[in-house]
Protein chains: 2
Amino acid sequence: MTYCVGLLLNEGIVLLSDTRTNAGLDNIATYRKMFQFQVPGERVITILTAGSLSVTQTTIARLREAIEDPEATGETSIMMAPTMLKVADIIGNCLSQVRADIDQKMSMAQGVSASMIVAGQRKGGDMRMFLIYPEGNYIEATEDTPFLQIGEHKYGKPILDRVVRPETSLVDAAKAVLLSMDSTLRSNLSVGMPLDLCVIKRDACKIDHTRRIEAGDKAFQSMSEAWSKALRDGFTQITI
Amino acid sequence: MTYCVGLLLNEGIVLLSDTRTNAGLDNIATYRKMFQFQVPGERVITILTAGSLSVTQTTIARLREAIEDPEATGETSIMMAPTMLKVADIIGNCLSQVRADIDQKMSMAQGVSASMIVAGQRKGGDMRMFLIYPEGNYIEATEDTPFLQIGEHKYGKPILDRVVRPETSLVDAAKAVLLSMDSTLRSNLSVGMPLDLCVIKRDACKIDHTRRIEAGDKAFQSMSEAWSKALRDGFTQITI
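Just so it is clear, the structure is predicted and the values come from calculations on it, not from any experiment. (Residues numbered from 1 in each chain as written. Chains lettered and ligands numbered in written order. Predicted model: local features only at pLDDT ≥ 70, side-chain atom pairs only at ≥ 80, totals over all residues. Heavy atoms only, no water.)

## Some points on the packing of aromatic side chains
No. 1: Enumeration according to the criterion identifies 2 aromatic pairs over all chains in this entry.
No. 2: Relative to Tyr-138 of chain A, the ring of Phe-130 of chain A lies with its centre 5.6 Å away and its plane at 80°, an arrangement referred to as edge-to-face.
No. 3: Judged by relative accessible area, which is 1%, Phe-130 of chain A ranks as buried.
No. 4: Residue placement shows Lys-175 of chain A over the ring face of Phe-235 of chain B; its charged tip is 4.5 Å from the ring centre. (Phe/Tyr/Trp six-rings, centres within 6.5 Å; stacked < 30°, edge-to-face > 60°. Buried < 20%, exposed > 50% of the residue type's maximum accessible area, 1.4 Å probe, protein only. Lys NZ or Arg CZ within 6 Å of the ring centre and 35° of its normal.)

And the structure:
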């Protein structure tokens with residue numbers, strides 16, 4: 001399983017992913033689920049992936065090949081696509097094609113699945129964020145719903161519903177996605193540390209910073225404990 | 001959809017269910033999902049239901065028929081069964097049979113599904129609580145995991161994970177299940193008010209009290225607002 005979340009805010013974009021993958025409960029491994037593509041100042045794209053590792057790895061590999069292809073065009077390379085919408089389109093088509101290819105090999109229909117969050121900005125364009133469905137179609141984050149989630153999304157949704165607004169600061173946004181992840185980690189063992197956090201500031205068109213949060217990270221642990229305490233204290237104070 | 005939750009604590013049992021049912025998004029209705037059977041002082045059983053209404057209603061109706069049957073025995077009537085385990089067994093078998101009957105009518109396998117929480121106590125026995133799966137098998141709440149959930153359970157699990165222990169008081173338990181429901185109501189429209197709350201005290205072998213909480217209930221609303229405020233305040237105070 002996986003949990004990835006992306007926030008599209010007035011000040012920028014904040015993304016968080018876990019790294020746990022498993023083929024059965026007895027075969028657990030760590031794989032990065034966050035992929036960055038950028039020409040600083042010109043274009044920045046971050047992709048978060050959930051679902052079958054064979055599908056997501058192949059999709060990312062093909063996207064990279066298309067970027068490096070000397071005959072790449074705005075129709076094939078996400079680094080040349082004229083708009084972020086076209087970027088989402090290229091990724092959606094690639095994902096859908098990879099799934100179809102693998103399904104054919106397995107001689108079964110719709111056997112493997114994956115979904116992605118794509119966020120970024122090109123110079124002169126708006127910041128945008130999309131959720132790409134396994135079929136290749138997509139939806140976009142808006143002012144009303146400034147966050148997107150893939151994978152095991154339910155445990156971590158209540159905190160986002162309550163605190164995330166377009167005007168949320170990038171610092172609060174990082175806190176919100178980390179607490180959202182914290183709830184998910186507690187309730188679902190198949191989502192696991194380390195975590196990858198990425199922040200992109202509006203109009204910078206480059207990654208502002210990324211951070212890998214390892215198991216046992218002191219800051220994350222103390223935040224997690226402070227949140228538990230806040231919840232328990234809040235619970236104690238409420239009367240019915 | 002549905003959300004039902006039951007807590008088995010040292011002091012007693014606390015149960016909560018919503019009442020929303022829907023056949024498609026455009027056909028929404030209110031149906032009670034909590035059913036009580038008791039001979040005060042002798043035996044108390046409460047059943048919470050989730051899943052296909054045709055299955056749950058028929059199951060409850062058959063259980064009632066079996067109780068009223070003049071030839072009822074401890075093998076057929078949940079009010080005569082020698083143990084709570086046998087009660088779970090009778091309900092599991094009945095549920096599984098109803099599903100099989102309906103599947104046959106529909107000429108399709110495993111077409112309709114339902115699950116139940118069964119909690120109660122007979123005089124001289126322990127309080128017990130079971131989750132009955134659609135297939136009729138079941139698991140039991142224990143000291144380590146003193147709560148069971150059916151239906152849309154994920155949104156409301158983090159708060160239970162954090163605050164519910166066997167030694168939790170009945171008042172705190174009611175608060176915990178109501179806050180757990182509050183998170184679910186906010187995140188999933190197919191779970192809806194009114195709510196049914198039921199409290200059974202240890203060794204009383206009767207319903208202590210039930211409460212129907214209607215939409216717009218002042219106490220529930222102010223609890224929900226206080227919880228939102230506590231979460232937001234807690235969020236504000238945490239630093240990363």
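That was the structure; now back to the text.
## Brief notes about the nonpolar core
One recurring pattern in soluble globular proteins is that nonpolar side chains are buried together.
No. 1: Ranked by internal contacts, the top residues of the largest apolar core, which has 66 residues, are Leu-7 and Trp-227 of chain A together with Leu-7 and Trp-227 of chain B.
No. 2: With residues near it in sequence (within four places) discarded, Leu-7 of chain A still touches Gly-12, Ile-13, Val-14, Met-129, Pro-146, Phe-147, Val-164, Ala-173 and Val-177 of chain A. (Core = buried A, V, L, I, M, F, W, Y, C linked by side-chain atoms within 4.5 Å. Contact = heavy atoms within 4.5 Å.)

## Here's the deal with the pairing of strand 12 (residues 207-213) of chain B
Residue and element names in this part refer to chain B.
No. 1: Examined bridge by bridge, strand 11 (residues 195-201) and strand 12 share 6 bridges and lie antiparallel to one another. The residue bridging Val-199 from the neighbouring strand is His-209, located in strand 12.
No. 2: Between strand 11 and strand 12, which pair antiparallel in sequence order, lie 5 residues; one of them, Asp-203, sits at a positive phi of approximately 70°. (Pairing = 2+ DSSP bridges. Helix = DSSP H or I, 4+ residues; strand = E, 2+ residues; numbered from the N terminus.)

## Regarding the pattern of salt bridges
All names here are of chain B.
No. 1: The final tally for this structure, using the stated rule, is 32 salt bridges over all chains.
No. 2: Two residues, Lys-86 and Glu-75, come together in a salt bridge whose shortest N-O distance is 2.9 Å. Here Lys-86 is found in helix 2 (residues 84-105), whereas its partner Glu-75 is found in the loop between helix 1 (53-68) and helix 2, with 11 residues between them in sequence.
No. 3: Given a relative accessible area of 18%, Lys-86 falls into the buried group.
No. 4: Accessibility expressed as a relative area gives 55% for Glu-75, which makes it exposed. (Salt bridge = Lys/Arg side-chain N within 4 Å of Asp/Glu carboxyl O.)

## What to know about the relation of the copies chain A and chain B
No. 1: Expressed as a screw operation, the relation of chain A to chain B combines 0.0 Å of axial shift with a rotation of 180°, fitting to an RMSD of 0.0 Å. Taken together, the rotation and translation relating the two chain copies correspond to the operation of a two-fold axis. In terms of proximity to the rotation axis, the leading residue of chain A is Tyr-155 of chain A, whose C-alpha is 2.5 Å off the axis.
No. 2: Residue by residue, 100% of the interface of chain A is reproduced at the interface of chain B, so both copies engage with the same surface. (Least-squares fit on C-alpha atoms with pLDDT ≥ 70 in both.)

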